[in-house]
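Breakdown of the fold
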Amino acid sequence: MLEPAEGHPHDVVQITGSDLEDAQIVWDFGKTTQTVIPGGHQGAYMFSVPHDAPAGAHPIVLQKNGVQSKPITFTVSSGTGPRNRPRPPGGIVEYPRPRIDAVTIVGATFEPAGDVRTTLYVQGANFDVGAIVSIMDDMSDPPVPVATTSHKVLRNEWYGVDDDQFVYPIYHYGSTIAISGLRPAGQRIWLIVTNLDNLQSVPFPYDLPKDAKTIDSDGDNLPDVWEIGGYDAEGDGVIDINLAALGADPSRRDVFVELDIMDTIQSPHDETVFAPLVQMFESAPILNVGDAKGIHLVIDATGKPCLTDPGGQAVCEFYTTHFDIGGQIPAGEPDPFKDEFPEVRFSMLKAENFKRIRGDIYHYGIWGRHQANGKGGFSDMGDDFVITFDEIGGSYHTARSSIEALAHEIGHNLGLLHAGDTDDPNMQPNHLGVMSYTWLFRTALDPSVRLTRATCLPFYYADAGAKEMSGSVFPNVNTIVDYSQGMAKALDRPMPPATAGSTDICGTAIDWTTMDSIFKIVDDFADWGSLVFTGPRLNGTLQP
Amino acid sequence: MGAIALALGAGCNSPERQAAAAARDASEVAATPEQKQLWQDAADKGDAPGLQSVPIPQEPVIQRRPSQAPGAQPKPQPPQSVTITPGVRSELRVVLYPEDPFERYTGPARVTKVEQNGDRIEVQLPPGASGTPRTLALLVRISSSPLPVKVGEMVDVAYQVRRDPQVPEDAIGIRNSAGAGVVHVIQGGNVLVQAVIPLFGLNVRQVDNQPGAPVQFIGASLKPIDLTMGQTSLVEGATARVISSTVPSGKPVPGLNEGAPFTLNVMVWRVP
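In this numbering scheme, every chain counts its residues from 1 along its sequence in written order. Labels follow written order: the first chain is A, the first ligand is 1, and so on. Residues qualify for local features only when their pLDDT is at least 70, as the model is predicted, and side-chain atom pairs are given and counted only at 80 or more; totals for whole chains, interfaces and linings, by contrast, use all residues.

Attention now moves to the overall build of chain B. The secondary structure content of chain B amounts to 3 helices and 15 strands. Whether a residue is buried, exposed or partly exposed is read from the other C-beta atoms within 10 Å of its own C-beta, which are placed from the backbone; 20 or more gives buried, 12 or fewer gives exposed, and intermediate counts give partly exposed. Counting every position in chain B, which comprises 272 residues, the buried fraction comes to 43%. Distance between backbone-placed C-beta atoms decides contact: two residues are in contact if it is within 7 Å. Long-range pairs, those at least 24 residues apart, make up 53% of the contacts in chain B between residues at least 6 apart in sequence. A run of H or I in DSSP counts as a helix once it spans at least four residues, and a run of E counts as a strand once it spans at least two, with each numbered from the N terminus.

Here we come to the sheet that holds strand β15 (residues 172-184) of chain A. Only strands that DSSP links by at least two bridges are regarded as paired with each other. Overall, mixed pairing links the 5 strands, which are arranged β10(A)-β11(A)-β15(A)-β14(A)-β1(B) in an open sheet. Only two strands of the sheet have a single partner each, and these edge strands are β10 (99-110) of chain A together with β1 (61-63) of chain B. Sheet twist, expressed as the average angle between the axes of neighbouring strands with direction ignored, equals 25°. Note that strand β11 (residues 115-125) of chain A and β15(A) share 11 bridges and pair antiparallel. Residue Asp115(A) lies in a different strand from β15(A), and its bridge partner there is Pro184(A). For helices, the axis comes from a line fit to the C-alpha atoms of the stretch in contact; other axes are also lines fit to C-alpha atoms, and the angle between any two N-to-C directions lies between 0 and 180 degrees.

We now examine the interface of chain B and chain A. Contacts between the two partners involve 78 residues from chain B, matched on the other side by 96 residues from chain A. Broken down by element, the side of chain B that touches chain A gets its largest block of residues, 5 residues, from helix α3 (residues 33-45) of chain B. Here the term charged refers only to Asp, Glu, Lys and Arg, the term nonpolar to Ala, Val, Leu, Ile, Met, Phe, Trp, Tyr, Cys and Pro, and the term polar to all other amino acids, Gly among them. The residue makeup of the side of chain B that touches chain A, split by class, is 38 nonpolar, 26 polar and 14 charged.

What follows concerns the pairing of strand β4 (residues 120-125) of chain B. All names here are of chain B. Here strand β3 (residues 105-115) runs beside β4; their pairing, made up of 5 bridges, is antiparallel. Residue pairing for β4: valine 111 is matched across the bridge by valine 123. Where β3 folds back on β4, the antiparallel hairpin that results is connected by 4 residues, among which glutamine 116 adopts a positive phi of roughly 55°. As paired elements, β4 and strand β5 (residues 134-141) share 6 bridges and run antiparallel to each other.

Glancing now at the domain arrangement of chain B. In this document the domain limits rely on a domain assignment from an automatic tool or a database. With domains assigned, chain B is organised as domain 1 (2-52) and domain 2 (91-270). The distance between the C-alpha centroids of domain 1 of chain B and domain 2 of chain B comes to 72 Å.

Residues and elements named next belong to chain B. Burial of strand β15 (residues 262-270) is extensive: 9 of the 9 residues sit out of reach of the surface. Because side chains alternate across β15, one face comprises the buried residues Phe262, Leu264, Val266, Val268 and Arg270, and the other comprises Thr263, Asn265, Met267 and Trp269, equally buried. Relative to β15, strand β8 (residues 181-189) is paired through 9 bridges, and the arrangement is antiparallel. Its bridge partner being in β15, glycine 181 is matched across the sheet by arginine 270.

Structure below.
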């Protein structure tokens, strides 16, 4: 059985049935165009509709050990629809090139001479089943194809948005297994993925592992030996953090966050917030070699940010928090036990409450009341953040706003800026994720402000029918939050005296007058594929 | 040669042999001669470590469908009931917002409830644009004392919350007929900030865009007073504190551009 049984070139079709292992797929069986097309890893589990397949019926058989199945028919559609804008090869609008988002390791063996063999897991957007990985030792070298097989496909969700809204429509994500061959350990290589239509991705840099002790298969900056055997913070042979017991997996990225929450916070700050946030990361468009999904986010919110007062009592609530980490100007020397309205430095609370042994593993966040600079949150772009929107308005006291605030600041800790790779514009309509101010706290905004912050509403509300009538919140609000995938079309800001330019996104009018940006052309950015996991080990910086 | 070396160095069911077998399986189903050969070479050379552990997915093709936790409450819900923590000397906090939280008001209001030993004060604001009465409740304590007010008494209140979460524009305060009270003002913008401090007849402004520069308090009968961040001083019979005054540091720093670059955060109070 084929699912779907009808579609367009490049569509991924799943095959279900028995005895698929070690079978091959024959396309156009019995026709002059008969050919074997690539299936999945070690079997005939899926295929991509050939890019040059004409509209009409195409008989398919599976063959194994010289025996062929009965033909089944796949029909290439001639019609168009929201997800199938014609994208013929060589046409004005082509099917998008593959894009590599991540390279991780399935297995590696190190040779005494300092070389390494690796089986790589290469994944990204719009990989055909049968896409081939090539490797270059240097950017100037010609790419050399390596043994490659497709492993999994994650079909993307568009919430009914028409594909003319996208400059880089992502139909699906795909993963492949690729063999690097024997190479010097630690060598930087460049990978390219070539789809069946010969369109190639841009080169993706990857540093091969240096040795067995430091290998980090999933690229989360937690070495495999920590994720499997535990983390010995002090080097005394005693395991201080049993990461495996916390669900760490060396083949899935893990993010650990300690979030200390002050007493008397009014906004939701319980499992109604943390569970959807964990699910947001699990739903990331990231494929893992095993069954585990997405990224594994662990939030330890069991603690409070406390200090002991001169009377020996624990105090776990402070009127104002000065986020003095990450370059903000220190505010004199606040004294939380003498100030009339107690003020405290973030660094003071961290020193007292964050276990030092967690430093290489965990991000540290404090959920407080006011922040000295009045902002609803802040991050050091590495391993520390503060959440402080509790008293900026009653409309913010929702699980959705709490999830958005946390996802936003954790996103900063993972290297994301408001427009993805830049901060300009921070209210980017086509950056379809919670890093943009068009998404952060959207449901809490004054309707007049919401009207000035256009975005693609079906993506924000994760609902094909989402609309905001006169700025009102769409009634079917849920708790699905996301980072951007880098799909949306570029916007062209009208610059006087010219009047031409982008006026809307997904039918929502753009108010350019409220957007403080130096750019005329505003591009989306792929957040998920750009996360940086170095923060905790580099102590608050993203680069060594 | 590579295959022989591999066979000598590995047992029958060693991971290396299993990986080589898996690479041969991949060669068997490869769709092109080139890929068949590459997989065969990988098998022969032992170049596919870990391949034997790659599972054949139960669901090779799945749909990305972000999900929400069951029971999650996305819509506004009443704030969790909070009280002033024992031992807290001073407090000012909104615990009940008017129906339209963004409609601002500064002026007289009638006290309708006094609860929690005087810590919680509820006032009725005049009807707003919708024509319905508006209720505001505050937790208030100043220097370990409740603000002395009685039900039915008129007080002055300031209620203003920001419309844009990234640009502070907040003023929350209450003052009784005897002049005791407290107000918290947070203001932000793209240029040097100046703000009205309601209920106390004061204005405050940033006068210099150098980090650490003082801010200036101005009153009707007051010679301008400069206070630096973290400084507390008497100003026209009340106590004023500059909690924070931020200006851009000059060189843009990635990640530190969270909302308005200029912010000013001050509190003014007068003890009962």
